[in-house]
Each structure stands twice: as structure tokens, then as C-alpha cells.
Amino acid sequence: MKNITRIIGLSFMALAATTVYGCELKVKKDPTTPVIAQAHTTVAHKHINNTVKIALLLDTSNSMDGLIDQAKSQLWDIVNKFAYVKARCGNDTNHDYIRPNLEIALYQYGNDNLSSSEGYIQQVLGFSGDLDEISEKLFSLNTNGGEEYCGQVIQTSLNQLDWGKNADNLKMIFIAGNEPFTQGKLNYKDAVTNASEKDVVINTIFCGNYQQGVSSQWKNGATLTGGDYMAIDHNKHIVHIDTPYDAKIVSLNTKLNATYIAYGSLGQAKLEKQYTQDSNAMEVEEAVAVKRAVSKSSRLYNNATWDLVDAADAEEFDASTLKKEQLPAALKNKSDKEIVKYISIKKEERTAIQSEIRELNKKREQFITQNQTDGNQGELENAMLSAIKKQAERKNYKWDE
């Protein structure tokens, strides 16, 4: 019983270095550009930008309800793992490790509700670091019959997504399903060859018997790009371990939400989406809501496009450029100085709450480790994290101990 109701002015030398190491140098924004305009990209960082790009291709035919359920419940485990990853720029040991961004794209395929002319394939979400949006799109998925064309959905994601040319970015596709990998007019070997040319690694997750996945070419689909083949029981019910710290973390999450200051044309809608995804997580299980709260306390949960507290972290933030009509009622009649002070207070509150959540989560993880059994381990989560960590090491990524 649940206890609580429910991610160009550069010199030739710098450009050459970028080419050699594959790094993306973020150009500092013009200080005259208001940072509070309703943006659709992440706020600029001064450091070299490494990005982990993961495209998740999910079979949403009739038999895949269990897979979708696992994706909904285990998203936050994957995000939380990446909160502590760091990377070097190529093999350059002269630079410190930096924290890469995480972007996830989502496709569904094999669903009768999708267009047959498109191969029963749909891009549900392009690469995004907006964790609330990723959650929302996952919860929008429903299953319904269809034809599963693995080669075509891989090629579609290669064509439609902006994979970039940064050689230091970790670029991965995870495709999950349970029908032969050879279905469809497009030969999967052509698709995976194209993936290799883009430095994209294909990882395949067969939902069923391991040997059946091998014989139906799921393993070969991964091997051809140096990826991993995994077989999971997508219908396995994961028994989450309740801990003495769960209720407190969920309660702190409610306080955390109160530190957000929505602004701009999309601010209120984004704030409502935050609450909705909290509710969605709780509907699955309180343990999932706890994991989401932990994610919201990490560096990857950044909402600078609609939250003034996150937006104010940018050096170019200027309260005088804020449009009064796009501010919440509490700030409409405030002076610039008062607005800055209000944001500062909310920042302090948020930092303290996030710190407390992280500390409680350490105790929670220790408790779970002591009580862990095979039945408590997420099939999809384990499969993805195992492949991610192995392939990340090839790109000089490492995790904090």
C-alpha cells in the first residue's frame, strides 16, 4: 500500500583542437540577449560540452505492456546513474574531467495505431534533456498490434535525430522488442552499418528467451556495431524494496516543488507538468516517486527555460530584462533588487532540500543493498546500465566512486 497520495568567433587553433579531440566549445551568449526569453535549448555552459545521447526504440505492439511499464519505472535509475558520470575531452589528460549532459530520444514502433506508410514507426520525442518531458512521453505510450520493423526504425532514428559530429559524445541506440530482427523491407545490416558510420552503437534488448533472440538475429544486430545484446523478461514484476527513508524523501519532494518560480509563456504549463509527472511516478509505485525525487535533486534536472532559480545560475542573467507580465503574481510588483533577493532565498531553500534528499538517498541505497535479491533488480535497467558503463569507458567516461 502506498504511503502517500500520488535530462563564431573561435581562432583557427581552437577549431583545430576541436577537430582533434571532438569537443564542442560553447560560445558565450551575447550579454545583451535576455536570458529570460522562453528558450528551447539548454543554458550555455563555459566548459567543453560532452553529451551522452541515447535513443530508446520501444516495440509497442500488443505483447509489450511489460516493457513499457519497466521503462516508466526504471527511467529514473538510469538518470540517477548518469548524475555521477564524468568525461575527458578525447585522450587529453591536460583537462579535468567534466560532467556530460544527458539527452534521451524516444521512438515507438510496431503499433497498429501508427501510420503503415511510415512503417508503423513514430518519433515520440527528439533528443531532450528535459526530464519531465521524457517522463511525460513515456507515460503516453500504449500498446496495440502491428508489424515490427527493426531495421527501419533504426534507420529512421539515424535520419531524423541530430546525432552531431563530436567524437567524444557517447551515442547509443537501445532497441527493444520480441519479433525477428529481420522483419521489414530494409535489411537491418544496412541500418547498423549506417549507424557505425555515425559512430552510433546499437544495443539490442530481446524480450524473451536468450537463444531465441540469438537465432532471430538480435545478437548480430548489436555485434555488428560493437554493441551489446541482452535478453530480458519484460513481463517480470519488479518488487521494489521499501526503505525507512522513502516517505521523508517524498515529503521533501513536495517542499522542493515549492522552490520553483515559473516564468515566461510556458512557465505555468511546465510547472503543472512537473506535478503531473510526480503523480505519474507515484501511480506506478512510491519507490518510483522516490527515485524521481532523487533525480530532481541532481545536476541533470535543470529547468532554466522556465524556472527563475535555475535561470539565475547563468552569468548573463539580468533581472532588469524580465517582463513583468511573464512573472508570477508574487513578483509582478517587485523591484529588480527584490526579485533577485526572492530568487536567492528560493535557491537557498532548494539547495538545502536537495542536499537532504541526497543524504537520505545514500542511506536508502545502503538499505537496499543489504536487502537486495534477484527479484528486486530491474531487467531493463540492468541491461541498459551494463551496456552503457562498458561502452562509456571507451569514450573516457568514468563514474564517481
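Residues numbered from 1 in each chain as written. Predicted model: local features only at pLDDT ≥ 70, side-chain atom pairs only at ≥ 80, totals over all residues. Heavy atoms only, no water.

**Student:** Explain the sheet that holds strand 7 (residues 229-232) to me, please; I cannot follow it from the model alone.
**Tutor:** Pairing between the strands of a sheet is mediated by backbone hydrogen bonds and can be parallel or antiparallel. In spatial order, the strands read 4-3-1-5-6-7; together these 6 strands make up an open sheet with mixed pairing. A strand with exactly one partner marks an edge of an open sheet, and here the two such strands are strand 4 (121-128) and strand 7. In this sheet, adjacent strand axes meet at a mean angle of 15 degrees when their direction is disregarded. Pairing of strand 3 (residues 101-109) with strand 4, which is carried by 5 bridges, proceeds in the antiparallel orientation. (Pairing = 2+ DSSP bridges. Helix = DSSP H or I, 4+ residues; strand = E, 2+ residues; numbered from the N terminus. Axes fitted to C-alpha atoms, helices over the stretch in contact; angles between N-to-C directions.)

**Student:** What's the story with unusual backbone geometry in this structure? I'm lost.
**Tutor:** Most peptide bonds take the trans configuration, and most residues that are not glycine carry a negative phi. In this structure, aspartate 199 takes a positive phi of about 65 degrees despite not being glycine. Relative to the elements of secondary structure, aspartate 199 occurs in the loop between helix 5 (188-197) and strand 6 (201-207). At asparagine 396, a position not held by glycine, the phi torsion is positive, near 65 degrees. Position of asparagine 396 relative to the elements: it lies in the loop between helix 13 (379-393) and strand 8 (397-399).

**Student:** Quick question: what am I supposed to make of the packing of aromatic side chains here?
**Tutor:** Aromatic rings considered in pairs are described by the distance between their centres and by the relative angle of their planes. Following the criterion strictly, the structure yields 9 aromatic pairs and no others. Taking the centre distance of 6.0 Å and the plane angle of 50 degrees together, the rings of phenylalanine 82 and tryptophan 399 count as tilted. Of the two residues, phenylalanine 82 sits in helix 2 (residues 65-82) while tryptophan 399 sits in strand 8, which places them 317 residues apart along the sequence. A residue is classified by how much of its surface remains accessible, and phenylalanine 82, at 2% relative accessible area, is buried. (Phe/Tyr/Trp six-rings, centres within 6.5 Å; stacked < 30°, edge-to-face > 60°. Buried < 20%, exposed > 50% of the residue type's maximum accessible area, 1.4 Å probe, protein only.)

**Student:** I would appreciate a short explanation of helix 4 (residues 150-160) in the present structure.
**Tutor:** Helical periodicity: at 3.6 residues per turn, an α-helix aligns residues three or four positions apart in one direction. Counting buried residues in helix 4 gives 8 out of 11 residues, a clear majority hidden from the surface. Among all positions of helix 4, only Cys150, Gly151, Val153, Ile154, Gln155, Thr156, Ser157 and Leu158 are buried.

**Student:** Would you take a moment to explain the nonpolar core for this structure?
**Tutor:** The nonpolar side chains of a soluble globular protein tend to be buried with one another. Counting residues in each nonpolar core, the largest one holds 62 residues, and the members touching the most others are Leu58, Phe82, Phe174, Met384 and Ile388. Looking at which element gives the most residues to this core, the answer is helix 2, with 8 residues. Residues within four places of phenylalanine 174 in sequence aside, it is in contact with Ile54, Ala55, Leu56, Leu57, Asn203, Ile205, Met230, Met384, Ala387 and Ile388. Judged by nonpolar contacts, the second largest core, of 26 residues, contains Ala105, Ile154, Tyr188 and Trp218. (Core = buried A, V, L, I, M, F, W, Y, C linked by side-chain atoms within 4.5 Å. Contact = heavy atoms within 4.5 Å.)

**Student:** Sorry if this is basic, but what is going on with helix 5 here?
**Tutor:** Residues Tyr188, Ala191, Val192 and Ala195 constitute the buried set of helix 5. Taken down its axis, helix 5 places every buried residue within 90 degrees of arc, on the same side. On its buried face, helix 5 sits against helix 4, strand 6 and helix 7 (218-223). One or two steps after helix 5, the chain reaches aspartate 199, where phi turns positive at roughly 65 degrees. (Arc of directions from axis to C-beta.)

**Student:** Sorry if this is basic, but what is going on with empty space enclosed by the protein here?
**Tutor:** Empty space among the atoms can be located by rolling a probe the size of a water molecule over them. Taken as a whole, the largest cavity holds about 120 Å³ of empty space. Residue lining of the largest cavity: 13 residues in total, with Leu56, Leu75, Ile78, Ile104 and Met384 positioned closest to the centre. Every element with two or more residues in the lining of the largest cavity is listed here: strand 1 (51-59), helix 2, strand 3, helix 3 (131-139) and helix 13. Top contributing element to the lining of the largest cavity by residue count: helix 2, with 5 residues. Across the lining of the largest cavity, the residue classes break down as 11 nonpolar, 2 polar and no charged. (1 Å grid on protein atoms, 1.4 Å probe; cavity = no way out; pocket = protein on both sides within 12 Å on 5 of 7 lines; lining within 4 Å. Points joined across faces, edges and corners; volume = space filled by probe spheres on them. Nonpolar A, V, L, I, M, F, W, Y, C, P; charged D, E, K, R; others polar.)

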